[in-house]
Amino acid sequence: QHKDAYQAILDGVKGGAKEKRLAAQFIPKFFKHFPELADSAINAQLDLCEDEDVSIRRQAIKELPQFATGDNLPRVADILTQLLQSDDSAEFNLVNNALLSIFKMDAKGTLGGLFSQILQGEDIVRERAIKFLSTKLKNLPEEVMTKEVEEFILTESKKVLEDVTGEEFVLFMKILSGLKSLQTVSGRQQLVELVAEQADLEQTFNPSDPDCVDRLLQCTRQAVPLFSKNVHSTKFVTYFCEHVLPNLSSLTTPVEGLDIQLEVLKLLAEMSSFCGDMEKLESNLKKLFDKLLEYMPLPPEEAENGENAGNEEPKLQFSYVECLLYSFHQLGRKLPDFLTAKLNAEKLKDFKIRLQYFARGLQVYIRQLRLALQGKTGEALKTEENKIKVVALKITNNINVLIKDLFHIPPSYKSTVTLSWKPVQKADASQKRASEDTTSSSPPKKASAGPKRDARQIYNPPSGKYSSNLGSFSYEQRGGFRGGRGRGWGGRGNRSRGRIY
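Residues numbered from 1 in each chain as written. Predicted model: local features only at pLDDT ≥ 70, side-chain atom pairs only at ≥ 80, totals over all residues. Heavy atoms only, no water.

Draft legend 1. Representation of the overall build of the protein chain within the structure. For the protein chain, the count of helices and strands is 20 helices and two strands. By residue count, 51% of the 501 residues in the protein chain fall in the buried class. Counted over contacts in the protein chain with a minimum sequence separation of 6, partners at least 24 positions apart contribute 73%. Per element, the accessible surface of the protein chain, about 23,900 Å² overall, is 48% carbon and sulfur. (Helix = DSSP H or I, 4+ residues; strand = E, 2+ residues; numbered from the N terminus. Buried < 20%, exposed > 50% of the residue type's maximum accessible area, 1.4 Å probe, protein only. Contact = heavy atoms within 4.5 Å. Areas by Shrake-Rupley, 256 points an atom, 1.4 Å probe, with all protein chains shown as cover.)

Quick look at the structure:
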């Protein structure tokens, strides 16, 4: 009976500022009484959400959740998701709060609106909707995030993952690895399979294509925290041994200043602890062994007078050797007679000479480092120079332990070491926080679980035996993408709707 009066309120959106303000309050207030005018009412409120007057817009946005009833909810969620593109911070916060309030009414319906915009909306809307999911989902209570809701998120995420940028992929892995239903062994396994698919491990590896290298690095970084004694890294370790190691020296770095070879070797070392049964174990162990030999020089030939015939002694690449030796030690456990039965006597003798020479240089360097750090405690160890020396000492000690194992007759694979970049003591508060945030989702490695890769400082210890010139830098994940917002990891843009960028 009051339909005409309500229609007059709807027409108020075409009036002046006062009429619009009243309409923004009364349209939602009486909305439920006029189901036959539902479409017109939502459209009228939507007009107010796009008004030039910021106060009218804010009022209209604030009231939007009142329209989220029954079949209207996904539409309201869709509208609110589009409004995330607002550059007005108060307005943006209102949109966030409105989305969260309808989430509590119907999580699946709200997600439907968010995902439809992620799949079909403009780039800015897509970007902010993904960010909304990656920051807000983890704080929602269990009664909202039911198993059914989590399954819906996984299903919809898989559709999005068919075409993502590297940065989007990292955010989706954050969303998915936070889901309660994926904390189980089978859940982690599902996530590893998703990452493997994204990494395109079936494709031929192109070391000279920075996008190809970047994709593999980013995907492997996402996979590493998921591996455990029950969730194996075999597929990734196999790919690294067969395709990446042989091309190590020709890898093109996707990020300026990143030691790409060391980065790859670190990832391989971290994964090697969780490798399951490997199909071509002997041939992959051989590839790893051959690569290790490249960094284990023979002693320089001595002239008759006992001096070096060459100009200088070979440089010892401690960082690289730690990674390669650790990986070899881990995989060697699966084929303990590799050095004795699979290599000929000459090759084994050559290897032992190299090990011996390396161990000698190592001892000198360990003595120098211990001397340099002697008596230093607390604040003194926190200087950049000393922090680097502490890590260098960890690296050299690790190599020492592993070399001793291989000198056993027959070679032993029993010692355990913690990789040098797994920080035992956090250098500063931000690193401490980063490690606390990520420890729970890290696999149980050794005594301590380090932070994820993007929170960790990457140390590049000395290339020379007596070098004290160690450089360090941190590599932020988000900087690691070429092509910025362009869809795909460098050209997988197969969306039919035209993108802005």
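Alright, that's what it looks like, and here's the rest.
Draft legend 2. Geometry of the nonpolar core. In this structure, Ile 27, Leu 80, Phe 236, Phe 328 and Leu 339 are the most contacted members of the largest nonpolar core, which totals 146 residues. The dominant element in this core, judged by the number of residues it contributes, is helix H18 (residues 345-373), at eleven residues. Among residues more than four places away in sequence, those in contact with Ile 27 are Tyr 6, Ile 9, Leu 10, Val 13, Ala 41, Ala 44, Gln 45, Leu 48 and Phe 67. (Core = buried A, V, L, I, M, F, W, Y, C linked by side-chain atoms within 4.5 Å.)

Draft legend 3. Structural detail: the pattern of salt bridges. Under the counting rule described, the total for this entry stands at 21 salt bridges. For Asp 39, the salt bridge is made with Arg 75, and the minimal N-O distance between the two is 3.4 Å. Here Arg 75 lies in helix H5 (residues 73-83) and Asp 39 lies in helix H3 (residues 38-49), a separation of 36 residues in the sequence. Ionic pairing is found between Lys 387 and Glu 384, a salt bridge with its closest N-O pair at 3.7 Å. With Lys 387 and Glu 384 both in helix H19 (residues 384-407), this residue pair falls three residues apart, about one helical turn. Taking the relative accessible area as the measure of exposure, Glu 384 reaches 38% and is therefore partly exposed. (Salt bridge = Lys/Arg side-chain N within 4 Å of Asp/Glu carboxyl O.)

Draft legend 4. Molecular detail of the environment of Cys 219. As for its placement among the helices and strands, Cys 219 is situated in helix H12 (residues 210-223). For the pair formed by Cys 219 and Phe 236, sequence separation is 17 residues and the distance between their alpha carbons is 9.9 Å.

Draft legend 5. Spotlight on a negative patch on the surface. A grouping of Glu 162, Glu 193, Glu 197, Asp 200 and Glu 202 is seen on the molecular surface, where their side chains present a negatively charged patch. Positionally, Glu 197 belongs in helix H11 (residues 185-199). According to the relative accessible area criterion, Glu 197 is exposed, its value standing at 63%. (Patch = residues over 30% accessible without salt bridge, like charges linked within 9 Å, V, L, I, M, F, W, Y side chains within 5 Å. Lys, Arg positive; Asp, Glu negative; His and termini not counted. Charge placed at Lys NZ, Arg CZ, Asp CG, Glu CD.)

Draft legend 6. Geometry of the environment of Gln 66. Here Gln 66 lies in the loop between helix H4 (54-63) and H5. Through-space distance from the C-alpha of Gln 66 to that of Lys 32 is 8.7 Å; in sequence the pair is 34 residues apart. Here Gln 66 is in contact with Pro 28, Lys 29 and Phe 31, once residues within four sequence places are set aside. A polar side-chain atom of Gln 66 sits 2.5 Å from a polar atom in the side chain of Glu 63. (Polar contact = N/O pair within 3.5 Å; in protein donor to acceptor, adjacent residues only side chain to side chain.)

Draft legend 7. Molecular detail of the packing of aromatic side chains. Summed over the entire model, instances satisfying the criterion amount to 14 aromatic pairs. Each ring, one from Phe 103 and one from Phe 132, has its centre 6.4 Å from the other, and the planes form 25°; the classification is stacked. Placement of the pair is Phe 103 in helix H6 (residues 89-105) and Phe 132 in helix H8 (residues 123-136), with a sequence separation of 29 residues. Overall, Phe 132 belongs to the buried group, its relative accessible area being 3%. By the ring-pair criterion, three or more aromatic residues cluster together here, those being Phe 289, Phe 328, Phe 338 and Phe 351. (Phe/Tyr/Trp six-rings, centres within 6.5 Å; stacked < 30°, edge-to-face > 60°.)

Draft legend 8. Quick peek at unusual backbone geometry. Between Ile 409 and the following residue, Pro 410, the backbone shows a cis peptide bond with an omega angle of -10°. Checked against the element boundaries, Pro 410 lands in the loop between H19 and helix H20 (429-439). Positive phi values are uncommon outside glycine, yet Asp 200 reaches one of about 60°. With respect to the secondary-structure elements, Asp 200 resides in the loop between H11 and H12.

Draft legend 9. Seen up close, the confidence of the model for the protein chain. Summarising the model, the protein chain shows a mean pLDDT of 82, and 82% of its residues fall at 70 or more. Confidence over residues 490-501 falls short of pLDDT 50; this stretch has 26 contacts with residues more than four positions distant or in other chains. (pLDDT = per-residue confidence, 0-100.)

Draft legend 10. Up close: H6. Taking 1.5 Å per residue as the helical rise, H6 with its 17 residues ought to reach 24 Å, and the 25 Å between its terminal C-alpha atoms agrees with that figure. When H6 is considered as a whole, its buried residues turn out to be Glu 91, Val 95, Asn 96, Ala 98, Leu 99, Leu 100, Ile 102 and Phe 103. For H6, the elements touching its buried residues are H4, H5, helix H7 (107-120) and H8. One side-chain oxygen of the residue at the start of H6 lies 3.2 Å from the amide nitrogen of Ala 90, identifying that residue as Asp 88. (Expected span 1.5 Å × (residues − 1).)

Draft legend 11. Spotlight on the packing of helix H10 (residues 166-177) against H11. Direction vectors running N to C along H10 and H11 enclose 170°, while the axes themselves pass 11 Å from each other. The orientation of H10 relative to H11 falls into the category roughly antiparallel. Between H10 and H11, the contacting residues are Phe 169, Met 173, Leu 176 and Ser 177 on the first element and Arg 188, Leu 191, Leu 194, Val 195 and Gln 198 on the second. Partitioned by chemical class, the residues of the contact of H10 with H11 number six nonpolar, two polar and one charged. (Axes fitted to C-alpha atoms, helices over the stretch in contact; angles between N-to-C directions. Parallel < 35°, antiparallel > 145°, perpendicular 65-115°, else oblique. Nonpolar A, V, L, I, M, F, W, Y, C, P; charged D, E, K, R; others polar.)

Draft legend 12. Summary view of the side chain of Glu 156. Looking at the element boundaries, Glu 156 is found in helix H9 (residues 147-160). The residues contacting Glu 156, other than those within four sequence positions of it, are Phe 115 and Leu 119.

Draft legend 13. Broad picture of H8. An ideal rise of 1.5 Å per residue puts 20 Å on 14 residues; H8 measures up with 20 Å between its terminal C-alpha atoms. Asp 123, Val 125, Arg 126, Ala 129, Ile 130, Phe 132, Leu 133 and Ser 134 are the residues of H8 that are buried. Contacts made by the buried residues of H8 are with H5, H6, H7, H9 and H10.

Draft legend 14. Examining the side chain of Lys 422 more closely. Residue placement: Lys 422 occurs in the loop between H19 and H20. Polar side-chain contacts of Lys 422 include one of 3.0 Å to the side chain of Glu 270.

Draft legend 15. How the structure looks around the packing of helix H16 (residues 318-332) against H19. Where H16 meets H19, the closest approach of the two axes is 9 Å, and the angle between their N-to-C directions is 40°. Comparing the axis directions of H16 and H19 gives the class oblique. The chirality of how H16 crosses H19 is left-handed. Every residue of H19 that contacts H16 at Phe 318, Ser 319, Val 321, Glu 322, Leu 325, Tyr 326, Phe 328 and His 329 is listed here: Ile 395, Thr 396, Asn 398, Ile 399, Leu 402, Ile 403, Asp 405 and Leu 406. Taken together, the residues of the contact of H16 with H19 break down into ten nonpolar, four polar and two charged. (Left-handed = near helix turned anticlockwise from the far one by under 90°.)

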